[in-house]
Every structure is written in C-alpha cells, then in structure tokens.
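Tertiary structure, described
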Amino acid sequence: MTQIINHQSNYQKLPEIVKTLIDNNPLYQENLDREKMIEVINRNFDPITVPDVNNISQGELTKRIKSILSLHLVSGMLNDLTPEQMQIFDESVKRGG
C-alpha cells in the first residue's frame, strides 16, 4: 500500500512541473496546450510503466519533462511547414545541418 501512495504523490508532481515549465517559456505558452501536455506527461510517467518514478530527483524529472515538451514543440512546428519547406528541412537533416 505504501508503494501506491508513493507513486500517487510523485505522480501528482508531474502536472505542477508541466505548468511551471510552460508558464516560464513563451514558446511553450504559444505553441503547446497545457492540459494536453499534462495528459501526455501523465501517460509517459504512468507508475505501472515507470515504477521507479519516485527514485527520480525533482531536477531530473523536470529535465525529462522539458525534453518531452521540447519534442512536442518542434514536432508541432514541423507540422506547419509547407511541403517545399519540409523537403528543405529533410535535406538539411540528411546533410547534417
């Protein structure tokens, strides 16, 4: 029973970290939906799939969540590219910059 309580308490930290990161980054505010990102993070850190969430430090947890938010930010920006822009992007990635 203690294990479940620990998972729930750490699980409850996730939305606060997401809110803080989004509130402190104008790019996140403009391009990410806070509630959707909270759902994404909750799914990614589900206690059943990540049973050691309680062993992750606050700093490391924040770093991991920031990486996920950044990935969603970039992927969202790529969706806005025209086919021509996407082709240029793909060629640039293949060349390595």
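Since this is a predicted model, take the numbers as computed values, not measurements.

Considerations on the nonpolar core
By size, the foremost hydrophobic cluster in this structure holds 20 residues, and its most contacted members are Phe45, Ile65 and Leu69. Of all the secondary structure elements, the ones that give two or more residues to this core are helix H1 (2-23), helix H3 (34-44) and helix H4 (58-79).

A word on the pattern of salt bridges
Summed over all chains, the structure comprises three salt bridges. A salt bridge links Arg64 to Glu60; the shortest N-O distance between them is 3.1 Å. Of this pair, Arg64 and Glu60 both sit in helix H4, four residues apart, roughly one helical turn. Residue classification places Arg64 among the partly exposed residues on the basis of a relative accessible area of 37%. A residue is classified by how much of its surface remains accessible, and Glu60, at 30% relative accessible area, is partly exposed.

With respect to the environment of Tyr11
Looking at where Tyr11 falls in the secondary structure, it is placed in helix H1. Relative accessible area serves as the criterion here: at 29%, Tyr11 is assigned to the partly exposed category. Taking C-alpha positions, Tyr11 is 7.7 Å from Asp46, a pair spaced 35 residues apart along the chain. Among residues more than four places away in sequence, those in contact with Tyr11 are Asn42, Phe45, Asp46 and Pro47.

Conventions adopted
- Residues numbered from 1 in each chain as written.
- Predicted model: local features only at pLDDT ≥ 70, side-chain atom pairs only at ≥ 80, totals over all residues.
- Heavy atoms only, no water.
- Core = buried A, V, L, I, M, F, W, Y, C linked by side-chain atoms within 4.5 Å.
- Buried < 20%, exposed > 50% of the residue type's maximum accessible area, 1.4 Å probe, protein only.
- Helix = DSSP H or I, 4+ residues; strand = E, 2+ residues; numbered from the N terminus.
- Salt bridge = Lys/Arg side-chain N within 4 Å of Asp/Glu carboxyl O.
- Contact = heavy atoms within 4.5 Å.

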